Structures are given as C-alpha cells and as structure tokens.
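# Remarks on the overall topology
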Amino acid sequence: MSWMLWGSLLLVCLMGAMSPGPSLAVVLRETVRNSRWHGVVAGLSHALGVGLWAFLTVHGLALLVTGQQLVFTALSWAGAAYLAWMGVQAWRHAGEAGALDVGEARVHSLLGAARAGAVISLLNPKLALFFMALFSQFVSADQSSLTQWVMILTATLVDGAWYSLVALMLSHPRLLKALRRRATWVERATGALLVGLAVRVVTL
C-alpha cells in the first residue's frame, strides 16, 4: 500500500471516528460521571470492537453477518436495546449526578467502562457495512497479509486515539468542573441522545 493510499484510508477512518453517535455519548458519560481514565478505557475498548469488525471484514467473515438478515437484525436490535437501557439509566441517575462536584464522582470499575465501550461497538453490525464499503476501495486480489493488517490496525488505532483524546479533552479541570456543575443536564441530554439513537436503529 502506497503512502498516498494509506493516507486516504487514514482520513476516512478519522472522519468515521469523529462522526457523533452513541460511542461519543458513552465516552462523554464515562468521563463526566466517573473519571478521565474511565473515558479513556471506554474509548480503547470501543476501538478493540472496531478492530474486530475490521478484521472480520478484511477476511470476508463480515459477510456472514451482513448476508444473514436474521443475524444482522438481531445484532441491531440488541444494540438498540442496550442503547435504550443506558439512556434510561442516565435519566434515572440524573438527579444524583447533580450532586457531583469537581473532586467527586460516582465511580464504577474500569471494567464497567471497558464493557460499555466494547458493547457499543460489538453490537453495531453497521460497522461491518462501513468497513465493507471502505475496504472494497483498498483490497486487491494480490494483497499481502501485511497490507491487510495495516488496514485493520489503522482503523483500530485511529478509533482508540480519537476517543482517548476526547476523554482527555473532556477531563480538563475547567471543562470537567463546568460539566459536573451541569451534570444533571449532561446526564439527561446523554440519556435522550442514547434513546433517540436506539429508536433510529430500529426504524431505519
């Protein structure tokens, strides 16, 4: 793969990672409600899920998901249910979030943050469609395994780096202080976004 071709792949992966959606909402919630490292861990575990979808796509296994309507629909609905559940939880705990100050947060384990990030990506079969459309522009019959791994790692590392950066930016003391002062509204807005995305998943 030439540097120019890799640069094109990098740019598309970056634009895909930067597009707002449930992943951003989860990283935001983990960072504001828990800590900087919860947000980073959620972002990195999300990237591992993205990497898995990229791996399956490069090796043609994503066709097993996208080619079976029942499997694709089941994963989509499971993802929507998880988004809705997280949205409801955010609304339920919004009042509690309002009591947080700069030095205090309702912390759950880093494992919980990792689970939230991973599930959001793993229960999103539309990532398979995204990578099938993207990688079809870069795959050739004589492609080496090295090139395939470059494609997989590019998608994974770009996603992890972006959401880690988001968590680090959101956890800047001044910004985090402002967000936690408005934690109730942050929780409600995040909850509404997650429920809205869940509805969007099952209606499109």
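Residues numbered from 1 in each chain as written. Predicted model: local features only at pLDDT ≥ 70, side-chain atom pairs only at ≥ 80, totals over all residues. Heavy atoms only, no water.

Inclusion rule: UniProt positions are given in the numbering used here, feature names are shortened, and annotations may be inferred rather than shown by experiment.
Looking at an unreviewed UniProt entry, the protein chain carries the name Amino acid efflux permease RhtB family protein, with the source organism given as Marinobacterium zhoushanense. Recorded under Subcellular location (unreviewed entry), the UniProt text for the protein chain is reproduced unchanged: "Cell membrane".

### Regarding the layout of surface pockets
So the rule is basically this: In the cavity and pocket records, a cavity denotes points on a 1 Å grid over the protein atoms alone where a 1.4 Å probe fits but cannot get out, a pocket denotes an open set with protein on both sides within 12 Å along at least 5 of 7 lines, and lining residues are residues with an atom within 4 Å of a point. Grid points are joined across faces, edges and corners, and a volume is the space filled by probe spheres set on the points. Each helix corresponds to a stretch of at least 4 residues labelled H or I by DSSP, and each strand to a stretch of at least 2 residues labelled E; elements are numbered beginning at the N terminus. For this classification, Asp, Glu, Lys and Arg are treated as charged, while Ala, Val, Leu, Ile, Met, Phe, Trp, Tyr, Cys and Pro are nonpolar and the rest, including Gly, are polar.
The space that makes up the largest pocket amounts to roughly 740 Å³. Looking at the largest pocket, it is lined by 33 residues, and the ones nearest its centre are Ser19, Pro22, Ser23, Asn124 and Leu127. Elements that contribute at least two residues to the lining of the largest pocket include exactly α1 (3-18), α2 (22-33), α3 (36-58), α5 (69-92), α7 (110-122), α8 (126-135), α9 (145-170) and α11 (183-203). Sorting elements by how many residues they give to the lining of the largest pocket places α5 first, with 6 residues. When grouped by side-chain class, the residues that make up the lining of the largest pocket number 21 nonpolar, 9 polar and 3 charged.

### Some remarks on a nonpolar patch on the surface
Note the cut-off: Candidates for patches are residues over 30% relative accessible area with no salt bridge; among them, like charges are joined within 9 Å and nonpolar side chains (Val, Leu, Ile, Met, Phe, Trp, Tyr) within 5 Å. Where accessible areas are quoted, they stem from the Shrake-Rupley method and a 1.4 Å probe; at the residue level, only the protein chains shown are allowed to cover. Every case where a carboxyl oxygen of Asp or Glu lies within 4 Å of a side-chain nitrogen of Lys or Arg is listed as a salt bridge. For each residue, the accessible area found with a 1.4 Å probe, counting protein chains only, is set against the maximum for its type, and the residue is called buried under 20%, exposed over 50%, and partly exposed in between.
A surface patch of nonpolar side chains, amounting to about 370 Å² of accessible area, comprises Leu11, Leu14, Met15 and Met18. On the secondary structure map, methionine 18 appears in helix α1. Taking relative accessible area as the criterion, methionine 18 reaches 38% and is therefore assigned partly exposed.

### Describing the UniProt feature "transmembrane region" (unreviewed entry) in the protein chain
Look at the UniProt record and you will see "transmembrane region" (unreviewed entry) annotated at residues 41-63, 70-91, 111-134 and 146-165. Annotated as residues 111-134, this span is 88% helix and 0% strand, and its ends, taken at the C-alpha atoms, are 31 Å apart.

### Here we look at α7
Test applied: Between the first and last residue of a helix there are one fewer steps than residues, each counted as 1.5 Å, and that sum is the expected span.
Here α7 contains 13 residues, and its C-alpha end-to-end distance of 18 Å stays within 8% of the 18 Å for a straight helix at 1.5 Å per residue. Burial in α7 covers these residues: Gly112, Ala113, Ala116, Gly117, Ala118, Ile120 and Ser121.

### A word on the packing of aromatic side chains
Under the convention used in this document: When two rings of Phe, Tyr or Trp (its six-membered ring) have centres within 6.5 Å they constitute a pair, described as stacked for plane angles under 30 degrees, edge-to-face for angles over 60, and tilted for the intermediate range.
With the rule as written, the count across this model stands at 2 aromatic pairs. Taking the centre distance of 5.9 Å and the plane angle of 90 degrees together, the rings of tryptophan 3 and tryptophan 6 count as edge-to-face. In this pair, tryptophan 3 and tryptophan 6 are both assigned in helix α1, 3 residues apart and thus about one turn of the helix distant. Its relative accessible area of 73% is what places tryptophan 3 among the exposed residues. Here the aromatic rings of phenylalanine 55 and tryptophan 149 are separated by 5.8 Å at their centres, their planes lie at 40 degrees, and the arrangement is tilted. With phenylalanine 55 in helix α3 and tryptophan 149 in helix α9, this residue pair connects regions lying 94 residues apart in the sequence. Judged by its relative accessible area of 42%, tryptophan 149 is partly exposed.

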